[in-house]
Amino acid sequence: MAILDILEFPDLRLRKKASPVTEFNETLSKTIDDMFETMYEAPGIGLAATQINLHKQLIVIDISDNKDEPLVFINPQIEIIDQTPEEYDEGCLSVPGYYETVARPRMVRVKALDRNGQAFEMETDGLLATCIQHENDHLNGKLFVDYLSSLKRERIRSKLVKAHKESA
Ligand code: NI
């Protein structure tokens, strides 16, 4: 397995829209394993393929304390079951060091394919519902900072740009 590079805001490649996964093969399987390893190492609770500059509809998530409940969502379709806004302090491996409160619908139904191409469906709320919506946004080129005021977003952008220059 391998640790992959994660794109960081404001990299424009994070704005690309992902296309559906059509081939379920060894390459996909290896990518999924690498994404989990990269996410666990970061550490994070979710990673979308967009963040590793792979513009395919593929998400990995594990919100468990022991990092032993890996979830894979391929070509996910999300339907909101309960619009009631629920707030979480969100972070993102592509926006390192920043956490901001974001409100999202509290309950969703997800239809997706697993790593073998088998269809499954789940209804979920709480942190997992928030996480799935956050990761699915990545596949559409959207970041959690887009939900903040433009002032806040600009402040984070300029600080990250400065940090990138200093580390270059
Ligand atoms: Ni993220």
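A quick note: this is a predicted structure, and the numbers were derived from the prediction, not measured.

Rules used in this analysis
Residues numbered from 1 in each chain as written. Predicted model: local features only at pLDDT ≥ 70, side-chain atom pairs only at ≥ 80, totals over all residues. Heavy atoms only, no water. Helix = DSSP H or I, 4+ residues; strand = E, 2+ residues; numbered from the N terminus. Buried < 20%, exposed > 50% of the residue type's maximum accessible area, 1.4 Å probe, protein only. Donors = N, O, S within 2.8 Å, 3.2 Å for Na, K, Ca; no water. Expected span 1.5 Å × (residues − 1). Contact = heavy atoms within 4.5 Å. Polar contact = N/O pair within 3.5 Å; in protein donor to acceptor, adjacent residues only side chain to side chain. Salt bridge = Lys/Arg side-chain N within 4 Å of Asp/Glu carboxyl O. Pairing = 2+ DSSP bridges. Axes fitted to C-alpha atoms, helices over the stretch in contact; angles between N-to-C directions. Phe/Tyr/Trp six-rings, centres within 6.5 Å; stacked < 30°, edge-to-face > 60°. Patch = residues over 30% accessible without salt bridge, like charges linked within 9 Å, V, L, I, M, F, W, Y side chains within 5 Å. Areas by Shrake-Rupley, 256 points an atom, 1.4 Å probe, with all protein chains shown as cover.

Q: Describe in detail the overall build of the protein, supporting the description with residues and values.
A: Looking only at helices and strands, one finds three helices and five strands in the protein. In the protein, the succession of α and β elements from N to C terminus is α-β-β-β-β-β-α-α. Over its C-alpha atoms, taken along the principal directions, the protein stretches across nearly 45 × 40 × 30 Å. Considering the protein as a whole, with its 168 residues, one finds that 41% of them fall into the buried category.

Q: Talk me through the coordination of the nickel ion; I want residue IDs and the actual numbers.
A: As a benchmark, a tetrahedral metal site with four donors has ideal angles of 109.5 degrees, while an octahedral site with six donors has ideal angles of 90 or 180 degrees. Cys92 (SG), His134 (NE2) and His138 (NE2) make up the full set of protein donors to the nickel ion, lying at 2.1 to 2.3 Å. Residue Cys92 is classed as buried on the basis of its relative accessible area, which comes to 9%. Judged by its relative accessible area of 7%, His134 falls in the buried class.

Q: Talk me through helix α1 (residues 26-41); I want residue IDs and the actual numbers.
A: With 16 residues, α1 extends 22 Å from end C-alpha to end C-alpha; this agrees with the ideal 22 Å at 1.5 Å per step. For α1, the full list of buried residues reads Leu28, Thr31, Ile32, Asp34, Met35, Phe36, Thr38 and Met39. Next to the buried residues of α1 lie β1 (46-48), β2 (58-61) and β3 (71-90). The N-capping residue of α1, defined by a side-chain oxygen 3.2 Å from the backbone nitrogen of Thr27, is Asn25.

Q: Got a sec to walk through the pattern of salt bridges? Specific residues and values, please.
A: Under the definition given, this model contains 14 salt bridges. The shortest N-O distance in the salt bridge between Asp146 and Arg15 comes to 2.8 Å. Of this pair, Asp146 sits in the loop between α2 (126-139) and α3 (150-167) while Arg15 sits in the segment before α1, and the two are 131 residues apart along the sequence. One salt bridge connects Arg115 with Asp33, and the closest N-O pair in it is separated by 2.9 Å.

Q: Residue-level account of the pairing of β2, with values.
A: Taking every second residue as pointing to the same face, both faces of β2 are buried, with Leu58 and Val60 on one and Ile59 and Ile61 on the other. In terms of strand pairing, β1 meets β2 through three bridges, oriented antiparallel. Each residue of the ladder has a partner; that of Leu47, found in β2, is Val60. Of the strand pairs in this sheet, β2 and β3 are connected by four bridges, and their pairing is antiparallel. Each residue of the ladder has a partner; that of Ile59, found in β3, is Phe73.

Q: Describe the sheet that holds strand β5 (residues 119-125), listing the residues and the values that go with them.
A: Across the sheet, five strands lie side by side as β1-β2-β3-β4-β5; this open sheet has antiparallel pairing. Looking at the sheet topology across the chains shown, the edges are occupied by β1 and β5. With direction set aside, neighbouring strand axes in the sheet form an average angle of 30°. Along the sheet face, α1 touches β1, β2 and β3 and points at about 40° away from the line of β2.

Q: Tell me about the packing of aromatic side chains, and please be specific about residues and values.
A: For the structure shown, the criterion picks out two aromatic pairs. When the centroid spacing of 5.9 Å and the interplanar angle of 25° are considered together, the rings of Phe36 and Tyr40 count as stacked. Here the residue Phe36 and the residue Tyr40 both occupy positions in helix α1, the gap between them amounting to four residues, near one helical turn. Residue Phe36 is classed as buried on the basis of its relative accessible area, which comes to 8%. Geometrically, the ring pair formed by Phe73 and Phe120 is tilted, given 5.7 Å between the ring centres and 40° between the ring planes. Here Phe73 is found in strand β3, whereas its partner Phe120 is found in strand β5, with 47 residues between them in sequence.

Q: Can you explain a nonpolar patch on the surface? Please cite residues and give values.
A: On the surface, Ile45, Ile63 and Leu127 cluster together to form a nonpolar patch covering roughly 200 Å² of accessible area. The residue Ile45 is located in the loop between α1 and β1 in this model. On the accessibility criterion, Ile45 (37% relative accessible area) is partly exposed.

Geometric values such as these leave the question of function open.
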